[in-house]
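The chain contents come next:
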Amino acid sequence: MARLLEGKPVAERIKEEIKAEVAALSRKPVLASIIVGQNPGAQSYVKSQKKAAEALGIEYTLHELAEGMAEQELCDFIGTLNADKNVNGIIIQMPLPPHIDYKKASGFILPGKDAEGMHPANIGNMLFGKARIVPCTPAAVMELLKESAIDLNGKDTVIVGHSEIVGKPLALLLLDKFATVSVCHIGTSRAGKLQEHVSRAEVLIVAVGKAGLIKGEWVREGAVVIDVGINRVGDKIVGDVEFETAQARASCITPVPGGVGPLTVTMLMRNLLEAAKLQR
Ligand code: NAD
């Protein structure tokens with residue numbers, strides 16, 4: 001039976017480290033959060049980010065902007081936050097209204113203030129193995145892998161899902177640890193090859209958003225399984241991997257909820273601290 005890789009204790013440990021470093025700064029770091037319009041999903045992210053920030057001694061300033069604002073107005077607003085020496089990091093809440101292009105707007109954030117680690121310059125630094133600000137979910141996965149105590153060097157590592165926020169950046173971080181990385185996606189499934197790849201994974205990371213996509217019996221004996229997926233099934237939240245059958249075969253597995261999720265907001269705060277240190 002696999003050991004559970006729970007995110008909360010790892011998050012608590014990292015939060016203690018962040019808190020101590022924040023306390024040693026000469027000035028309280030500030031995370032500026034931009035929300036455009038009144039989306040309930042975005043409002044709930046804001047609530048949990050604010051709570052996490054304040055518990056660590058980080059100031060969280062929320063900028064609520066009008067739904068109908070033009071894309072250029074948002075970019076100009078970001079420009080004022082970029083120029084404000086009191087602001088250490090910036091995050092744009094999703095979703096944005098359909099007339100605003102997230103990539104365009106977030107590209108205006110100075111790379112040194114990019115709390116989410118998604119600016120092209122930060123992604124580029126990751127390619128060169130030099131990133132100090134890293135996308136939050138891939139960073140959370142790397143922390144859980146550290147917790148599993150697996151040595152990634154040369155391990156057959158299979159990622160299912162090749163999104164810009166999870167699968168692609170994660171592949172770069174894993175390559176830096178000398179894992180042998182395969183990235184599967186919808187094309188792999190269409191070609192009927194998903195099971196074949198999943199079954200040889202010593203480390204399996206799944207980020208798709210389809211409940212039960214990965215059958216428990218596909219999981220290799222002794223594999224480390226990280227399930228990033230979040231799916232609502234009836235009144236329950238489940239991942240992308242069939243949990244019980246996978247747990248019977250794996251050596252370590254993340255629960256959903258309670259695995260990757262609790263760590264991602266902590267990674268956002270770690271990025272903010274890193275940004276503040278870079279700006280000193
Ligand atoms: P996305 O929709 O951007 O990407 C989905 C990926 O899955 C794509 O690469 C696509 O090709 C692949 N895919 C789709 N159907 C497939 C199939 N049948 N077989 C193989 N691959 C398939 O999704 P995303 O934003 O990366 O999110 C993925 C999941 O992770 C979602 O459930 C999301 O809620 C969750 N998520 C969780 C966290 C967290 O903090 N825990 C953070 C981000 C995303």
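See the structure shown above.
Residues numbered from 1 in each chain as written. Predicted model: local features only at pLDDT ≥ 70, side-chain atom pairs only at ≥ 80, totals over all residues. Heavy atoms only, no water.

Undergrad: Sorry if this is basic, but what is going on with the sheet that holds strand S11 (residues 252-253) here?
TA: Backbone hydrogen bonds are what pair the strands of a sheet, in a parallel or an antiparallel way. Read from one edge to the other, the open sheet built from six strands follows the order S1-S11-S8-S7-S5-S6, with strand pairing classed as parallel. The sheet terminates laterally at strand S1 (3-4) and strand S6 (180-184), the two strands that pair on one side only. Of the strands in this sheet, S1, strand S7 (203-206), strand S8 (224-227) and S11 are in contact with helix H6 (residues 136-148), which crosses S8 at around 155°. Along the sheet face, helix H7 (residues 167-176) touches strand S5 (156-160), S6 and S7 and points at about 165° away from the line of S5. (Pairing = 2+ DSSP bridges. Helix = DSSP H or I, 4+ residues; strand = E, 2+ residues; numbered from the N terminus. Contact = heavy atoms within 4.5 Å. Axes fitted to C-alpha atoms, helices over the stretch in contact; angles between N-to-C directions.)

Undergrad: Please clarify how the pattern of salt bridges should be interpreted in this entry.
TA: Between side chains of opposite charge, pairing is possible as soon as their charged atoms come close. Inspection of every chain in the model, using the stated rule, returns 12 salt bridges. A salt bridge links Glu-143 to Lys-146, with the nearest nitrogen and oxygen atoms 3.6 Å apart. Of the two residues, Glu-143 and Lys-146 are both situated in helix H6; the distance of three residues between them amounts to about one turn of the helix. On the basis of relative accessibility, which here comes to 9%, the residue Glu-143 falls in the buried class. A salt bridge links Lys-277 to Glu-274; its shortest N-O distance comes to 3.7 Å. Pair noted here: Lys-277 and Glu-274 are both in helix H11 (residues 261-279), with a separation of three residues, about one helical turn. For Lys-277, a relative accessible area of 22% gives the class partly exposed. Each of Glu-21, Arg-132, Glu-274 and Lys-277 takes part in one network of salt bridges that share partners. (Salt bridge = Lys/Arg side-chain N within 4 Å of Asp/Glu carboxyl O. Buried < 20%, exposed > 50% of the residue type's maximum accessible area, 1.4 Å probe, protein only.)

Undergrad: Sorry if this is basic, but what is going on with H7 here?
TA: Three or four residues apart is the spacing at which side chains of an α-helix point the same way, because the helix has 3.6 residues per turn. Listing the buried residues of H7 in full gives Gly-167, Pro-169, Leu-170, Ala-171, Leu-173 and Leu-174. In this structure, the buried residues of H7 make contact with helix H5 (120-127), H6, S5, S6 and S7. Of the residues trailing H7, Phe-178 is marked for its positive phi of about 65°.

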